[in-house]
Amino acid sequence: MIRNLDITLLRTFVAVADHGSMTVGGNALHLTQSAVSQQIARLEALSGVLFFREKRILRLTPGGERLLGKARHLITLNDELWAEMTEGPLEGVIRLGAPYDLVGAWLPPALKNFAAAHSQVDLQLICMSSPELLAATAAGTLDLALVEEPPGKSAGECLSVDRLVWVGAKGGAAFLKRPLPVSMVAETCAFRSVVLQALRKKETTWQTLFESGSIDATLAMVRSDLAVSVLLASTIPGDLTILPFDENLPELPLFSVNLYHVKGQRSRASNELAQQLRDGLK
């Protein structure tokens, strides 16, 4: 038997999860606390317990955490389908910001798919370091931004978690030199502080070379075996190699790729591009 989920129940669940309160979640949806409690009870009758009740604060159970992401996805698809049926094709301008190293990895397929499906949208790509992208999004000069940050609390939506690794030329010897020649894209690179901190902890002597703001120039330095660099494992070009951690190349932490939206009302086009970016990291 085919059964259908009630989007209203999912929308209420997401609002309560976001606010940690049935009262505040209900206010956001213009519903009474009684109505919210009834809807959450109906959803829990289907899915099991979704919240731990701790005094006045609600905390998601493991089942609630699993449901939350899928619920958001269904609500987004519902809203986009409704808008397409009632408002016509997407149009307008979207300004997307991304770090230099993500542009050549999985970003092109997502942008190609979006452009093919929504030819009336003017999509603009702006490359900056992650700290600069955060500032631009907060200032309202970007609609969406992909930001590399250490895992943990973030105002953005985590799309992926990846390992930061050392990279060098295939068959190269730059990693053996002392001081260790390290090339990173720019002084504002999100990886720079954690890399230098790890080197200091290992008491490895190093020197930074050619921080020009150009990912192509940095990779050229590595390909020429003049320096080593660091990248997320999923973004490494095929002609470079991962260097193993050892007494001179310290282990590096995980990093998240987080999605940030400009504050305020989000356009339909912006929501659709955000979904393409989520799908591109699955």
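K.L.:
Explanation requested: the overall build of the protein chain in the structure shown.
P.N.:
Each helix and strand counted, the protein chain has 10 helices and 11 strands in total. The principal-axis extent of the C-alpha atoms belonging to the protein chain is close to 70 × 45 × 40 Å. Evaluated residue by residue, the protein chain yields a buried proportion of 43% over its 282 residues. On the protein chain, roughly 15,100 Å² of surface is accessible, and the fraction owed to carbon and sulfur atoms is 55%. Each charge class in the protein chain can be summarised by its mean position, and for the 27 positive and 29 negative side chains these summaries are 7 Å apart.

K.L.:
Where do I start with the pattern of salt bridges in this structure?
P.N.:
Think of it this way: side chains of opposite charge can pair up when their charged atoms draw near. As enumerated under the stated definition, the model contains nine salt bridges in all. A salt bridge links Asp18 to Arg72; the nearest nitrogen and oxygen atoms lie 2.6 Å apart. Of the two residues, Asp18 is situated in helix 1 (residues 7-19) and Arg72 in helix 4 (residues 62-87); the sequence distance between them amounts to 54 residues.

K.L.:
Explanation requested: the environment of Ser183 in the structure shown.
P.N.:
Along the polypeptide, Ser183 turns up in the loop between strand 7 (180-182) and helix 8 (192-202). The spatial distance from the C-alpha of Ser183 to the C-alpha of Leu219 is 8.4 Å, given a sequence separation of 36 residues.

K.L.:
Sorry, what's going on with helix 10 (residues 268-280) here?
P.N.:
Structural remark: α-helix, 3.6 residues per turn; residues separated by three or four positions point the same way. The end-to-end C-alpha distance of helix 10, which contains 13 residues, comes to 19 Å, matching closely the 18 Å that a straight helix rising 1.5 Å per residue would cover. Residues of helix 10 that are buried: Ala269, Ser270, Glu272, Leu273, Ala274, Gln275, Gln276 and Leu277.

K.L.:
Sorry, what's going on with a nonpolar patch on the surface here?
P.N.:
Together, Leu5, Leu46, Leu74 and Leu77 line one region of the surface with nonpolar side chains, adding up to about 380 Å² of accessible area. Among the secondary structure elements, Leu5 is positioned in the segment before helix 1.

K.L.:
Would you take a moment to explain helix 2 (residues 22-29) for this structure?
P.N.:
For helix 2, every residue scored as buried is listed here: Met22, Gly25 and Gly26. All buried residues of helix 2 fall inside an arc of 100 degrees around its axis, so they share one side. Considering only its buried residues, helix 2 is in contact with helix 1, helix 3 (33-47), strand 1 (51-54) and strand 2 (57-60). The backbone nitrogen of Thr23 has a side-chain oxygen 3.2 Å away, supplied by the residue at the start of helix 2, namely Ser21. Among the residues trailing helix 2, His30 stands out with phi positive, at a value near 60 degrees.

K.L.:
Whenever I open this one, the side chain of Asp162 confuses me. Can you help?
P.N.:
Of note, Asp162 is situated in strand 6 (residues 157-169). Arg163 is the oppositely charged side chain nearest to the buried, salt-bridge-free Asp162, at an N-O distance of 7.2 Å.

K.L.:
Just checking my understanding: could you explain the packing of aromatic side chains for this structure?
P.N.:
Working definition: an aromatic ring pair is given by the centre-to-centre distance plus the angle between the planes. The tally for this structure, following the rule as stated, stands at two aromatic pairs. Each ring, one from Phe191 and one from Phe255, has its centre 4.9 Å from the other, and the planes form 80 degrees; the classification is edge-to-face. Taken together, the residues span a long stretch of sequence, with Phe191 in the loop between strand 7 and helix 8 and Phe255 in strand 11 (residues 254-261) at a distance of 64 residues. Across the pair, exposure class does not vary: Phe191 and Phe255 are buried alike.

K.L.:
Just checking my understanding: could you explain the pairing of strand 9 (residues 229-232) for this structure?
P.N.:
Regular strands have side chains that alternate between both faces of the sheet. Every second residue of strand 9 is oriented toward a common face, with Ser229 and Leu231 on one face and Val230 and Leu232 on the other, all of them buried. Sheet analysis places strand 6 next to strand 9, joined by four bridges and oriented antiparallel. Its bridge partner lying in strand 9, Trp166 is registered against Val230.

K.L.:
What is the right way to look at unusual backbone geometry in this model?
P.N.:
Leaving glycine out, the prevailing phi sign among residues is negative, and the prevailing peptide bond configuration is trans. Put simply, Arg178 and Pro179 share a cis peptide bond, and its omega is 0 degrees. Within the fold, Pro179 resides in the loop between strand 6 and strand 7. Phi is positive for His30, close to 60 degrees, though the residue is something other than glycine. The exposure class assigned to His30 is exposed, which follows from its relative accessible area of 73%. Within the chain, Asp225 stands out as a residue other than glycine whose phi angle is a positive 60 degrees. Looking at the element boundaries, Asp225 is found in the loop between helix 9 (215-223) and strand 9.

K.L.:
What exactly am I supposed to notice about the environment of Ala110 here?
P.N.:
Inspection of the secondary structure assignment puts Ala110 in helix 6 (residues 107-117). Taking the C-alpha atoms as reference points, Ala110 and Ala83, separated by 27 residues in sequence, lie 21 Å from one another. Residues contacting Ala110, with those up to four places away along its chain left out, are Gln276 and Leu277.

Rules used throughout
- Residues numbered from 1 in each chain as written.
- Predicted model: local features only at pLDDT ≥ 70, side-chain atom pairs only at ≥ 80, totals over all residues.
- Heavy atoms only, no water.
- Helix = DSSP H or I, 4+ residues; strand = E, 2+ residues; numbered from the N terminus.
- Buried < 20%, exposed > 50% of the residue type's maximum accessible area, 1.4 Å probe, protein only.
- Areas by Shrake-Rupley, 256 points an atom, 1.4 Å probe, with all protein chains shown as cover.
- Lys, Arg positive; Asp, Glu negative; His and termini not counted.
- Charge placed at Lys NZ, Arg CZ, Asp CG, Glu CD.
- Salt bridge = Lys/Arg side-chain N within 4 Å of Asp/Glu carboxyl O.
- Expected span 1.5 Å × (residues − 1).
- Patch = residues over 30% accessible without salt bridge, like charges linked within 9 Å, V, L, I, M, F, W, Y side chains within 5 Å.
- Arc of directions from axis to C-beta.
- Contact = heavy atoms within 4.5 Å.
- Polar contact = N/O pair within 3.5 Å; in protein donor to acceptor, adjacent residues only side chain to side chain.
- Phe/Tyr/Trp six-rings, centres within 6.5 Å; stacked < 30°, edge-to-face > 60°.
- Pairing = 2+ DSSP bridges.

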